[in-house]
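Now for the letters of each chain:
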Amino acid sequence: MSRPVPKAGILDIAPYTPGKTPVPEAGRKVFKLSANETPFGPSPHATAAYTGAATHLEDYPEGTSKVLREAVGKRYGLDPSRIICGAGSDEILNLIAHTYLGPGDEAIHTEHGFLVYPIATKGNGATNVVAKEIEFTCSVDEILKCVTDRTKLVWLANPNNPTGTYLPYTEVKRLRASLPDHVLLVLDAAYADYVGKPDYDSGLDLARTTENTVVCFTFSKVHGLAALRIGWMFGPEHIVDAMNRVRGPFNVSAPAMLAAVAAIEDTGHVEMSRAFTEKWRDLLTAEITKLGLKVTPSVANFILIHFPTTAGTTAADADAFLTKRGLVLRAVNNYGLHQSLRMTIGTAEANELVLAALREFMLRND
Ligand SMILES: *Cc1c(COP(=O)(O)O)cnc(C)c1O
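Before going into details, it helps to say that this report is about the structure given with it.

What counts and how
- Residues numbered from 1 in each chain as written.
- Predicted model: local features only at pLDDT ≥ 70, side-chain atom pairs only at ≥ 80, totals over all residues.
- Heavy atoms only, no water.
- 1 Å grid on protein atoms, 1.4 Å probe; cavity = no way out; pocket = protein on both sides within 12 Å on 5 of 7 lines; lining within 4 Å.
- Points joined across faces, edges and corners; volume = space filled by probe spheres on them.
- Helix = DSSP H or I, 4+ residues; strand = E, 2+ residues; numbered from the N terminus.
- Nonpolar A, V, L, I, M, F, W, Y, C, P; charged D, E, K, R; others polar.
- Pairing = 2+ DSSP bridges.
- Axes fitted to C-alpha atoms, helices over the stretch in contact; angles between N-to-C directions.
- Contact = heavy atoms within 4.5 Å.
- Left-handed = near helix turned anticlockwise from the far one by under 90°.
- Near = heavy atom within 4 Å.
- Polar contact = N/O pair within 3.5 Å; in protein donor to acceptor, adjacent residues only side chain to side chain.
- Sits in = over half its atoms within 2 Å of the grid points.
- Salt bridge = Lys/Arg side-chain N within 4 Å of Asp/Glu carboxyl O.
- Buried < 20%, exposed > 50% of the residue type's maximum accessible area, 1.4 Å probe, protein only.

1. So, the layout of surface pockets
If a probe the size of a water molecule is rolled over the atoms, the empty space left behind becomes visible. Considered as a void within the structure, the largest pocket measures approximately 1,000 Å³ in volume. Taken together, 40 residues make up the lining of the largest pocket; nearest its centre are Y16, S34, A35, R330 and R342. For the lining of the largest pocket, the elements supplying multiple residues, two or more each, are α3 (88-100), α4 (116-123) and β14 (330-332). When grouped by side-chain class, the residues that make up the lining of the largest pocket number 20 nonpolar, 10 polar and 10 charged.

2. A look at the sheet that holds strand β10 (residues 231-234)
The strand order across the open sheet formed by seven strands is β2-β10-β9-β8-β7-β3-β4, and the pairing between neighbours is mixed. In the strand order of this sheet, the two ends are held by β2 (83-86) and β4 (127-131), each with one partner. Averaged over neighbouring strand pairs, the angle between their axes works out to 20 degrees when direction is ignored. In this sheet, strand β7 (residues 151-157) lies alongside strand β3 (residues 106-110) in parallel orientation, the contact comprising three bridges. From the neighbouring strand, E106 faces β7, where its bridge partner is T151. Its contacts with the sheet place helix α2 (residues 66-76) against β2, β9 (213-218) and β10, and it is angled at close to 125 degrees to β2. Helix-sheet contacts for α4 involve β3, β4, β7 and β8 (184-188), and the interaxial angle to β7 is about 160 degrees.

3. Concerning the packing of α3 against α4
For any two helices packed against each other, one specifies the crossing angle of their axes together with the interaxial distance. It is at 9 Å that the axes of α3 and α4 come closest, and there the two elements cross at 35 degrees. In terms of crossing hand, the pair formed by α3 and α4 is right-handed. Facing α3, whose interface residues are D90, L93, N94 and A97, α4 presents V116, Y117 and A120. Broken down by class, the residue content of the contact of α3 with α4 amounts to five nonpolar, one polar and one charged.

4. Let's talk about empty space enclosed by the protein
If you walk through the whole model with that rule in mind, you get one cavity of 30 Å³ or more. In this structure, the largest cavity occupies an estimated 60 Å³ of space. Residue lining of the largest cavity: Y76, A189, A190, A192, D193, F217, T218, V222, H223, W232 and I264, and that is the complete set. Classifying every residue of the lining of the largest cavity by side-chain character gives eight nonpolar, two polar and one charged.

5. Overview of the site of the ligand
Around the ligand, the neighbouring residues are G88, S89, D90, F114, N161, D188, A190, Y191, T218, S220, K221 and R229. Contacts to the ligand include Y191, whose side-chain N or O atom sits 2.6 Å from an oxygen atom. Take S220: an N or O atom from its side chain is 2.6 Å from an oxygen atom of the ligand. With respect to the detected pockets, the ligand is housed in the largest pocket. Of the residues forming the shell around the ligand, the biggest block, three residues, is contributed by α3.

6. Some remarks on the pattern of salt bridges
If you walk through the whole model with that rule in mind, you get 16 salt bridges. R28 serves as the salt-bridge partner of E25, at 3.0 Å between the closest nitrogen and oxygen. Looking at E25, the relative accessible area reads 33%, which means it is partly exposed. In this structure, K29 engages E349 in a salt bridge whose closest nitrogen and oxygen atoms are separated by 3.1 Å. With K29 in the segment before β1 (31-32) and E349 in helix α12 (residues 348-364), the pair connects residues that are 320 residues apart, well separated along the chain. Relative accessible area serves as the criterion here: at 42%, E349 is assigned to the partly exposed category. In the salt-bridge network here, residues are joined through shared partners; they are D141, E171 and R174.

Listed below in structure tokens is the structure:
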């Protein structure tokens, strides 16, 4: 019997396994620290803009996200005509792949790179190539080793999720300069607002001055608008033009667009969140390290905690122990990290509870 067959590559994508539904002990409050969402929610101005849009739900949104491109352009000093908005950076990453990748092409991402990259690559029939990381950090030399004459694109999350590490801007520039000119470099700056390092840069200037680099941003993390699905990309005119040809004509909803405009204008909200996150990231890293666990130094709003392999002390044991207490971290097995858990920085209350629970977990195993 013949039946419809998906395009080449689609069935090579591992089916998505949703995060487990936590079952804490009765009476425990649940703290979701598994999806890198902000504990602060969006700016109150963004919520107001969203609610305000509720009276016009019958109208199609303006199709090019003009108000948002202008607000982003103003905030970052960018030409709005070189910005494209999407339903989350997910849509933008998929649009990039859809525009540039096909059978026979290769796209490179690093060992613990964001899971959307291989999905977007394979979904367009292209071949996924994985570059080694060193100490959970992307390596320019390892990426360059993977380049062949079929390489069409490099995905680079900077900072990276789920490791929390970053590449200094000099390294990003070295990567760009060493890649062939026809290779598109996609810099994913989802966590850029959390980075406090002087040698970090999201790469907007590379995107401004080269013909082959784009930078993607999201409103899902520090701006607290994950539910609305909204993100943007800045790049060379010819790339934005090509992507706009395949983009859905009304891909961004009006409430999302208006909420995002208000969010990007509220720099105070972002700064408050950044400072809080930095304080707790440093504190949690230091305190969890004192318990005898390894923590990869992070510049984002989450940390990667590594557990021993001895029975009773593994990442899976810790996950079960924490979940019972209503503390839901993220197992990262699907990133090949079987001995680690990723913890999103939460409220002070949530962070204190995780610390206390981990202390209890480690003492229990002494
Ligand atoms: C969260 C995240 C995004 C943002 O995804 P959205 O679709 O905008 O919610 C992009 N890249 C990385 C690496 C992320 O962790």
